[in-house]
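Survey of secondary and tertiary structure
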Amino acid sequence: MTREEHAATRAWLWAPAVLAGLGVLVSGYLSVKRFTGGSLACTRWASCDLVNNSVYAKIYGVPVAFIGLAGYLLLLGLALAALQATGPAQRCLLALSFVLALGGVGFSAYLTYLELYVIEAICMWCVISAILITLLAFLGGLNLWRMAPERLGTSPAPSSLRP
C-alpha cells in the first residue's frame, strides 16, 4: 500500500469516529436536558420539547436519549479501535460497527415514524441523530467493503482462470 493509499484509508476510518463523536454530543445534550428537565434549544418549525417529553421518549423507563448516547459511545469506541487494528481484527470491528449502525438506523426509523404519525411533531435533534446514524451505517458498509480481502464485483485475473 502506497503512502497516499494508506492516508486515504485512514481518512475513511476517521470519518465514523467523527460522526460518532457528533452523535455523542447530540445524544449527550438530549440526555442532560432529559435529566435536568430544561427546555431544548429548538427551531421554529420543530417541537423538540413535545417529542422529548412524550410517552414514547422512554422505553421500559429508560430515556431514548440514554439509549442513543450508549449506542454512539459504543460506535465511537469501535471506530477508534478499528483505527488501531489491522487485518482480520479490523474487519471484525468494522463489521460489528456496521451491524450496530444498521440497528441504529432501524431504531431511528421507528422513532421517526412515531414522531411523524403518532406524536405529530418533529424534533430537530432527532432528525440530526437520524442523519448521523444513517451516515454511520453508510460509511460502515463502505469501510467494510474497502477493507475486504477481495472486493465484491471484481473479476479474477484471466491468468488465474487457466488450469
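Refer to the structure above for everything that follows.
Residues numbered from 1 in each chain as written. Predicted model: local features only at pLDDT ≥ 70, side-chain atom pairs only at ≥ 80, totals over all residues. Heavy atoms only, no water.

1. With respect to a nonpolar patch on the surface
A cluster of nonpolar side chains, Val55, Tyr56, Tyr110, Tyr113, Leu116, Tyr117 and Val118, forms an exposed patch at the surface whose accessible area comes to about 750 Å². Mapped onto the elements of the fold, tyrosine 56 is located in the loop between α2 (48-52) and β1 (58-59). (Patch = residues over 30% accessible without salt bridge, like charges linked within 9 Å, V, L, I, M, F, W, Y side chains within 5 Å. Areas by Shrake-Rupley, 256 points an atom, 1.4 Å probe, with all protein chains shown as cover. Salt bridge = Lys/Arg side-chain N within 4 Å of Asp/Glu carboxyl O. Helix = DSSP H or I, 4+ residues; strand = E, 2+ residues; numbered from the N terminus.)

2. A few points about the packing of helix α4 (residues 87-119) against helix α5 (residues 124-146)
Interaxial distance between α4 and α5 falls to 8 Å at its minimum, and their mutual angle equals 150°. In terms of orientation, α4 lies roughly antiparallel with respect to α5. Considering the relative orientation of α4 and α5, their crossing is left-handed. Touching Arg91, Leu94, Ala95, Phe98, Ala101, Leu102, Gly104, Val105, Ser108, Thr112 and Glu115 of α4 are Cys126, Ala130, Ile133, Thr134, Leu136, Ala137, Gly140, Gly141, Asn143 and Leu144, all from α5. (Axes fitted to C-alpha atoms, helices over the stretch in contact; angles between N-to-C directions. Parallel < 35°, antiparallel > 145°, perpendicular 65-115°, else oblique. Left-handed = near helix turned anticlockwise from the far one by under 90°. Contact = heavy atoms within 4.5 Å.)

3. Some thoughts on unusual backbone geometry
Backbone geometry at tyrosine 60 places phi at a positive 50°, although glycine is not the residue there. Within the secondary structure layout, tyrosine 60 lies in the loop between β1 and β2 (62-63). A positive phi angle, close to 60°, is found at glutamate 120, a residue other than glycine. With respect to the helices, strands and loops of the structure, glutamate 120 is situated in the loop between α4 and α5.

4. Let's talk about α4
Over its 33 residues, α4 extends 46 Å from the first C-alpha to the last, a length consistent with the 48 Å expected when each residue adds 1.5 Å. Listing the buried residues of α4 in full gives Gln90, Leu93, Leu94, Ser97, Ala101, Gly104, Ser108, Leu111, Leu114, Glu115 and Ile119. Glutamate 120 sits one or two positions beyond α4 and adopts a positive phi of about 60°. (Expected span 1.5 Å × (residues − 1). Buried < 20%, exposed > 50% of the residue type's maximum accessible area, 1.4 Å probe, protein only.)

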